[in-house]
Amino acid sequence: MYALNPGDKAPAFSLKNQEGKKINLKDFLGKKVVIFFYPQDSTPTCTAEACNLRDNYSLLTQQGIEVLGISPDDSASHERFHSKQNLPYTLLADTDKKVIDKYGVWGEKNMYGKKYMGLLRTTFLINEKGVIDAVIRKVKSADHSQQILTVWKAVK
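I will try to describe carefully the structure that is included in this document. (Residues numbered from 1 in each chain as written. Predicted model: local features only at pLDDT ≥ 70, side-chain atom pairs only at ≥ 80, totals over all residues. Heavy atoms only, no water.)

1. Some remarks on the packing of helix H1 (residues 44–55) against helix H5 (residues 144–155)
Where H1 contacts H5, the two axes come as close as 7 Å, and the packing angle between them is 65 degrees. Between H1 and H5, the residues in contact are Glu-49, Asn-52 and Leu-53 and His-144, Ser-145 and Ile-148, respectively. Here the residues of the contact of H1 with H5 are counted per class, giving two nonpolar, three polar and one charged. (Axes fitted to C-alpha atoms, helices over the stretch in contact; angles between N-to-C directions. Helix = DSSP H or I, 4+ residues; strand = E, 2+ residues; numbered from the N terminus. Contact = heavy atoms within 4.5 Å. Nonpolar A, V, L, I, M, F, W, Y, C, P; charged D, E, K, R; others polar.)

2. Describing the environment of Glu-49
Tracing the backbone shows Glu-49 in helix H1. Classification of Glu-49 as buried rests on a relative accessible area of 0%. Separated by 32 residues in sequence, Glu-49 and Asn-17 have C-alpha atoms that sit 18 Å apart. In this view, Glu-49 contacts Phe-36, Tyr-38, Arg-121, Thr-123, Val-139, Ser-141 and His-144; residues no more than four positions away in its chain are not counted. (Buried < 20%, exposed > 50% of the residue type's maximum accessible area, 1.4 Å probe, protein only.)

3. Considering the side chain of Asn-127
Looking at where Asn-127 falls in the secondary structure, it is placed in the loop between strand S8 (122–126) and strand S9 (132–136). In terms of polar contacts, Asn-127 uses its side chain to reach the backbone amide nitrogen of Lys-129, at 2.9 Å. Apart from residues no more than four positions distant in its own chain, Asn-127 is found in contact with Lys-31, Asp-133, Trp-152 and Lys-156. (Polar contact = N/O pair within 3.5 Å; in protein donor to acceptor, adjacent residues only side chain to side chain.)

4. Considering unusual backbone geometry
One non-glycine residue, Asn-86, adopts positive backbone phi at about 55 degrees. Along the chain, Asn-86 turns up in the loop between helix H3 (75–85) and strand S5 (90–93). You will see that Lys-97, though not glycine, has its phi angle at about 60 degrees, which is positive. Structurally, Lys-97 is set in the loop between S5 and helix H4 (98–102).

Worth remembering: the numbers are spatial, not functional.
Structure representation (structure tokens):
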């Protein structure tokens, strides 16, 4: 598995959002972008993370930060999750896991002693030039927006 690190160029992608519209990373050049990879819509920890980002979205946008969530779920699942949780940011469907692989966030997980392959909850902070400023690999789902703001402040 290839691991992206600060200083690396963020891999380009084009994915469908919760409305089925294609979204390209290059459209965000000139802006700060948070890409948070999460395993599955409507699961307890993923919902906690998504809602924390929703509840603190204005703090992120005040810092000029755009938020994108990516999971292997399809656009229809994203639309239900987006609507039910009233999320103000974009969710992207990576059903074939090509972007997940490019970002190196698919790997071995361990739950209750059982090892399996899955999406590793990871967040990338990408600067205006499309370069990764920081990678958060130990995401605190219930306090993720503050974690993002703290990490980004530290790298500036």
